[in-house]
Amino acid sequence: MKAKLIEKFVSIYGEGGEIRSFFSPGRVNLIGEHTDYNGGHVFPCALSIGTYMIVRKREDRTIRFYSENFSKLGVIETSLDDLVYSEKAGWTNYPKGVMWAMEGRGYKIPTGMDILIYGTIPNGSGLSSSASLEVLTGLAVRDLFGFEGISMIDLALIGQYSENNFNGCNCGIMDQFAVAMGKKDHAIFLDTSDLSYEYASVKLENAKIVITNSKVKHSLVDSAYNDRRNECETALKELQTVVDIKGLGDLSEEEFEKYKDAIKDPVRQKRAHHAVYENQRTIQAVAALNAGDVEKFGKLMNASHVSLRDDYEVSCEEIDVLVDLAWETEGVIGSRITGGGFGGCTVSIVKNDAVDHFIDKLGKAYKEKTGHEAEFYVVEIGDGAKEI
Ligand code: ADP
Ligand code: MG
């Protein structure tokens, strides 16, 4: 892959100079959904699919971008003196935002760059191609210019900061953290209230992680995401009038039941119910996995889906079709929606000898019921972003 991309780079930008190559993964969250902005736990892992960058310094302040995934747009040119968001900059707003955020932290980028990007993550499907591109950019700029004192966790925070403040998406820290800190065959048990984390082995002997892409994305996704955040914030404020907590993730199930009447609106109460119970489920799920109880882990994944469907209301018809089909398929240990919701992907744990049947059955039945062609990825858990 690297050699082919370098060839392409040279055909676009010409020979010479020192050409360097970086890779940054996508991620899938196994359990702990919509908890990362509620001070709760998440359990994502980095994938072996991801985004590549081939890059070379320039002598002037010009930055040239080209993405093989957006090849129709050709080379997009900008300058270090023009790190501002613009509609017409399209996808380059992501790398520009990261450079802007680094400069804002005092890391003045001395020269421009020629950049080629190629990604193997389906865009906009909840596998975090945007976070992958952000961490990739941060890593490449850090290493190209020898910026010392920026850790991988800092790169995650820089990516999140730029997505929040440059690209206007109010995401939590999970995606960038998973992409930056991923570890082969492990998922990251991250406490988003203080960024403490532990790796847990997800080397499943008898099962595979199968991601199913519904290929639908309902336009509700951004507005609903912001609504949920606001609902949780209001619920937290109401709870804080009766109990001393910093986030919904601070509450046990029992405490929530005791204090929940402080939340005046029943819809808001459901949202908070999800945030609290999902956090506790995530803690239990990781304990189950560490104890070798994959079946229990799967059951908690299923319960996570029910909560996201009924209490948090971020699923949709197509996703529910996929999850229902998975649940009734022999050899499926657990299955749930993953990512922000309203389309995108499901994640399932499927016994090795059932994977082929799973893909065949769900593919056909999903097409029949919804008219859409699902895509399946049997994924490996890979490392975080690195030079290749
Ligand atoms: P997700 O992060 O779930 O994949 P987003 O909508 O947050 O979806 O991010 C997708 C956007 O990120 C794309 O529309 C594009 O702007 C940018 N992006 C991701 N991967 C690439 C790539 N390989 N080349 C160029 N832009 C990319
Ligand atoms: Mg994204």
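Residues numbered from 1 in each chain as written. Chains lettered and ligands numbered in written order. Predicted model: local features only at pLDDT ≥ 70, side-chain atom pairs only at ≥ 80, totals over all residues. Heavy atoms only, no water.

The chain goes by Galactokinase in an unreviewed UniProt entry, where it is assigned to Hominisplanchenecus faecis. On record in UniProt, under Pathway (unreviewed entry), the comment for the chain is "Carbohydrate metabolism; galactose metabolism." (UniProt positions renumbered as here; feature names shortened; annotations may be inferred.)

Caption draft 1: Geometry of the UniProt feature "domain: GHMP kinase C-terminal" (unreviewed entry) in the chain. On the UniProt side, "domain: GHMP kinase C-terminal" (unreviewed entry) is annotated at positions that read residues 286-367 here. In residues 286-367, helix accounts for 56% and strand for 20%; the two terminal C-alpha atoms are 34 Å from one another. (Helix = DSSP H or I, 4+ residues; strand = E, 2+ residues; numbered from the N terminus.)

Caption draft 2: Main features of the packing of helix 2 (residues 93-104) against helix 3 (residues 129-145). Relative to each other, helix 2 and helix 3 sit at 45°, their axes nearing to 9 Å. One finds that helix 2 runs oblique with respect to helix 3. Handedness of the crossing formed by helix 2 with helix 3: right-handed. Across the interface between the two elements, Tyr-94, Pro-95, Val-98, Met-99 and Met-102 from helix 2 touch Ser-130, Leu-133, Glu-134, Thr-137, Gly-138, Val-141 and Arg-142 from helix 3. (Axes fitted to C-alpha atoms, helices over the stretch in contact; angles between N-to-C directions. Parallel < 35°, antiparallel > 145°, perpendicular 65-115°, else oblique. Left-handed = near helix turned anticlockwise from the far one by under 90°. Contact = heavy atoms within 4.5 Å.)

Caption draft 3: Quick peek at the side chain of Asn-279. Mapped onto the elements, Asn-279 comes out in helix 8 (residues 266-290). The exposure class assigned to Asn-279 is buried, which follows from its relative accessible area of 1%. What Asn-279 contacts, discounting residues up to four positions off in sequence, is Thr-35, Gly-40, His-41, Gly-249 and His-274. (Buried < 20%, exposed > 50% of the residue type's maximum accessible area, 1.4 Å probe, protein only.)

Caption draft 4: Looking closely at the pairing of strand 7 (residues 186-191). Burial of strand 7 is extensive: six of the six residues sit out of reach of the surface. Where strand 2 (residues 41-42) lies against strand 7, two bridges are found, and the strand directions are antiparallel. Paired with His-41 across the two strands is Asp-191, which belongs to strand 7. Two strands pair when backbone bridges link them, and strand 7 and strand 8 (residues 196-201) are joined in this way by six bridges, in the antiparallel orientation. Within strand 8, the position partnered with Ile-188 by the bridge is Tyr-199. Connecting the antiparallel pair strand 7 and strand 8 is a turn made up of four residues, with Leu-195 showing a positive phi of about 60°. (Pairing = 2+ DSSP bridges.)

Caption draft 5: Region of the structure containing unusual backbone geometry. Despite not being glycine, Glu-313 has its phi angle at roughly 50°, a positive value. You can see Glu-313 is positioned in the loop between helix 9 (294-310) and helix 10 (317-327). Residue classification places Glu-313 among the partly exposed positions, given a relative accessible area of 34%. Even without being glycine, Phe-342 reaches a positive phi, approximately 55°. Looking at where Phe-342 falls in the secondary structure, it is placed in the loop between strand 10 (332-338) and strand 11 (343-351). On the accessibility criterion, Phe-342 (6% relative accessible area) is buried.

Caption draft 6: Looking closely at the nonpolar core. Ranked by size, the top nonpolar core spans 42 residues in total, and within it Val-55, Met-99, Ile-109, Met-113, Ile-115 and Val-141 carry the most contacts. At the level of elements, strand 3 (44-57), strand 4 (62-67), helix 2, strand 6 (113-119), helix 3, helix 4 (152-165), helix 5 (174-181) and strand 7 are the ones that each hand at least two residues to this core. At nine residues, the largest contribution of residues to this core is made by helix 3. Ranked by size, the runner-up nonpolar core spans 30 residues in total, among them Phe-43, Ile-121, Ile-211 and Cys-345. (Core = buried A, V, L, I, M, F, W, Y, C linked by side-chain atoms within 4.5 Å.)

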